[in-house]
Each structure stands twice: as C-alpha cells, then as structure tokens.
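Spelled out, the chains give:
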Amino acid sequence: MSDAAATPVFELPRMPRRAADGHKGTYGQVLAVAGSRGMAGAAVLVGRGALRAGAGLVRVACPAEVQPTVAAGHPCYMTVPLRQHVDGTLGAGVAAELIELGRAANAIAIGPGLGQADDAAALVKAVLRELPRTPTVVDADGLNALAPLGDDFRDRPMPLVLTPHPGEFARLAGVATHDAVARRAELAVGFAWKTGAVVLVKGPGTVVTDGRRVYRNTTGNPGMATGGSGDVLTGVVAALLARGLSPFDAAVLGAWVHGRAGDIAAAAIGQTGLTAADLPDYLSAAFRELEARW
Ligand SMILES: NC(=O)C1=CN([C@@H]2O[C@H](COP(=O)(O)OP(=O)(O)OC[C@H]3O[C@@H](n4cnc5c(N)ncnc54)[C@H](OP(=O)(O)O)[C@@H]3O)[C@@H](O)[C@H]2O)[C@@H](O)CC1
Ligand SMILES: Nc1ncnc2c1ncn2[C@@H]1O[C@H](COP(=O)(O)OP(=O)(O)O)[C@@H](O)[C@H]1O
Ligand SMILES: [Mg+2]
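Where an unreviewed UniProt entry is consulted, the protein appears under the name ADP-dependent (S)-NAD(P)H-hydrate dehydratase, with the organism given as Urbifossiella limnaea. If you open the UniProt record of the protein and go to Subunit (unreviewed entry), you find "Homotetramer." UniProt, in its Function (unreviewed entry) section for the protein, records the words "Catalyzes the dehydration of the S-form of NAD(P)HX at the expense of ADP, which is converted to AMP. Together with NAD(P)HX epimerase, which catalyzes the epimerization of the S- and R-forms, the enzyme allows the repair of both epimers of NAD(P)HX, a damaged form of NAD(P)H that is a result of enzymatic or heat-dependent hydration."

Structure (structure tokens):
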C-alpha cells in the first residue's frame, strides 16, 4: 500500500485543559516497565518524560537491582522493584505481578532498556496479551520482543502504539533498514494497516500512522540524536494515553511536543551539548505553548 492511500493529517490534537477541581487521579496513572543492569537510565528517562507530560501518578517497575538507582533519578515517580534473573533482566516470572500493577494504571509504557533475553520478550507478550484494553506504548526491546510482528494484535480492543526507530522498524516489519529510511511513510502505513497498531517511526520528520491517516512531524533537530531521546518520547506518549487521548492522537501530539522540547532546548543550550536528560525539563515550555491555546 502506498502512503498516498492514507489521509494526511496537519492539525494537532488538543491538549486537554486541566480541570480546576482535578486531582492527581484525574490526570492519569502511568506504569512504566523498563530498565535492566546497565540500562537503569532508560527507566529514569521514561519516568521523567511521563511526569513532564502531565501524568498524575507515575510508577516505574524495574529489576530489583537497579531500583535504588532508578528511584534516585527523580523524586516524583514511584518505583517497584521486581525479581530479576541473574543477568539483571526481567522475565515472565513477574508477569502476574506486573499485570496486577497494570490493571491499576490508565496507560502502560513497556520496553526501553529491558534487554533482549527471550524471557523478557515472553514478559512483554504476556502483559500485552493479558491487558488488551489498557492503552499501551511499546518501544525499544518491547518492539524487539514482537519482531517480526504479524496480525497477532490486529483485533486488540485498544490499539497498541509502537514507536520504533528505523532499525527497530526494519526488524518489526521484516524489511531492510535502508528501506525503512527511504520508504518510511509508505511502509509504515502498510504495516499499521496489517497490524492494527498505531505506528510512529522516528527520525527527522517522524511519521505517525494508523494505516488510514498519516502525520509527518515538523519539530525536532539533530541535537536529539543522542542516547535516550526516544525513551523520553515513550514516557510522553504514555502520559498522553493515560490522559485519555486516543492512540493516534497521543502519538501525534507526543511526537510534536517531544520535538518541540528538543527545539526549545537547542535554542537555549545548542544542539551539541543537548542530552536526553535535558529533554524532560524543556517539555514544560513545549506544553506551555499548547496551554496558550486553551
Ligand atoms: N541510558 C540508557 O539506559 C539507554 C538505553 N537505551 C536502550 O538501549 C537498548 C538498545 O537500543 P538501541 O536503539 O541503541 O539499539 P538497536 O535497537 O540495536 O538500534 C540500533 C540499530 O538501529 C539502527 N538505527 C537506529 N536509529 C536509526 C535511524 N534513525 N536510521 C537508521 N538506522 C537507525 C542502527 O543503525 P546504525 O547506527 O548502525 O546506522 C543500528 O543498526 C534499548 O533497550 C534502549 O531502550 C537507549 O535508549 C540509550 C539510552
Ligand atoms: N536528526 C534528527 N532530527 C529530528 N529528530 C531526531 C533526529 N535524530 C533523532 N531524533 C529523535 O530522537 C529520538 C531518538 O529515539 P531513539 O532512536 O529511540 O533513541 P534512544 O533509543 O537512544 O532513546 C526520536 O524521537 C527521533 O525522532
Ligand atoms: Mg529507542
């Protein structure tokens, strides 16, 4: 299928106004499942992204070994230490516990820094299968767990949001990486159509599609080509899902506001010294621009 078959979207979804009488339960609870030995930072970045995108409550579930490090990454999210394998990764043995935590959440972010062990992949699949109505964004090793993806989740009542970079998209869709770059929009539309997921393929001019509609993002800059930038986006999309945006709208607005934060950060401190850990702090300014439209 060509991307010409999908309707281009130019208008941004509205960021919902915060009700005067709202409380933290009103603005959505996010469960992030992320991190492993050596990749505690991925879990921190997802959690910070979700907080700065307005989630009322954020819980970061991670292997027990990295939990103190993750907890030290921000005082405002809670952390849940989970039993880990000897190599410091999570596995299907904690699926029941995670699914219980997931039932209490309005949205789940799963994948960054989980590693590529077979049992981590089994855990990801169990969570996605057992919570079919929970809005969920899958990134990084969560995507590797599903690759190659067919129509397994085609009939999921709540469509998944998948956020691959072109390398991950190539694995997921079973295409060559150079095609995932050169024919990104066309392949993403066809893949979204086939899988029933909302697909956000990252990079300059990030493409978001549900197979029927396609949005090409206009924000962002090469300063964001630095480890962990995508992990922040995962947290942002989860917060927007928890706030009640549809999967497509959460992906579109998430891509825009994440890129805008990168642009404001680059204007303030330049592209060269920009790190992913700076991005959440500049999300506030990016969201303030959206609040100005209220
Ligand atoms: N602080 C932490 O804890 C951090 C932890 N992190 C965690 O690390 C884990 C591994 O994630 P990952 O993305 O680094 O590895 P992987 O999936 O093998 O991708 C690399 C392959 O994809 C390709 N490729 C990528 N982008 C492309 C593009 N735009 N266009 C084209 N190609 C592109 C790339 O191509 P190449 O660079 O060779 O040209 C290469 O082949 C994961 O769990 C993540 O969450 C990180 O988030 C960092 C911070
Ligand atoms: N040259 C660029 N222009 C605009 N955005 C970029 C550029 N390079 C990277 N990005 C953005 O940075 C993020 C990188 O995500 P990802 O590749 O998953 O990184 P990581 O896994 O290290 O967190 C994506 O949102 C991508 O769109
Ligand atoms: Mg990534």
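Around ligand 1, 17 residues are found, and the nearest of them are A42, G113, D141, H165 and D231. A distance of 3.0 Å separates an oxygen atom of ligand 1 from a polar atom in the backbone of A42. D141 is positioned with one of its side-chain polar atoms (N or O) 2.5 Å from an oxygen atom of ligand 1. If ligand 1 stood free it would expose 920 Å²; the protein chains cover 51% of that surface. Secondary-structure elements contributing two or more residues to the shell around ligand 1 are helix 1 (40-52), helix 6 (166-173) and helix 7 (177-182).

Contact geometry for helix 1 and helix 9 (residues 229-242): axes closest at 7 Å, N-to-C directions at 40°. Classified by the angle between their axes, helix 1 and helix 9 sit oblique to one another. Both helix 1 and helix 9 take part in a crossing whose hand is right-handed. Every residue of helix 9 that contacts helix 1 at A42, L45, V46, G49 and A50 is listed here: D231, V232, T234, G235, V236 and A239.

What counts, and at which threshold
Residues numbered from 1 in each chain as written. Chains lettered and ligands numbered in written order. Predicted model: local features only at pLDDT ≥ 70, side-chain atom pairs only at ≥ 80, totals over all residues. Heavy atoms only, no water. UniProt positions renumbered as here; feature names shortened; annotations may be inferred. Near = heavy atom within 4 Å. Polar contact = N/O pair within 3.5 Å; in protein donor to acceptor, adjacent residues only side chain to side chain. Areas by Shrake-Rupley, 256 points an atom, 1.4 Å probe, with all protein chains shown as cover. Helix = DSSP H or I, 4+ residues; strand = E, 2+ residues; numbered from the N terminus. Axes fitted to C-alpha atoms, helices over the stretch in contact; angles between N-to-C directions. Parallel < 35°, antiparallel > 145°, perpendicular 65-115°, else oblique. Left-handed = near helix turned anticlockwise from the far one by under 90°. Contact = heavy atoms within 4.5 Å.

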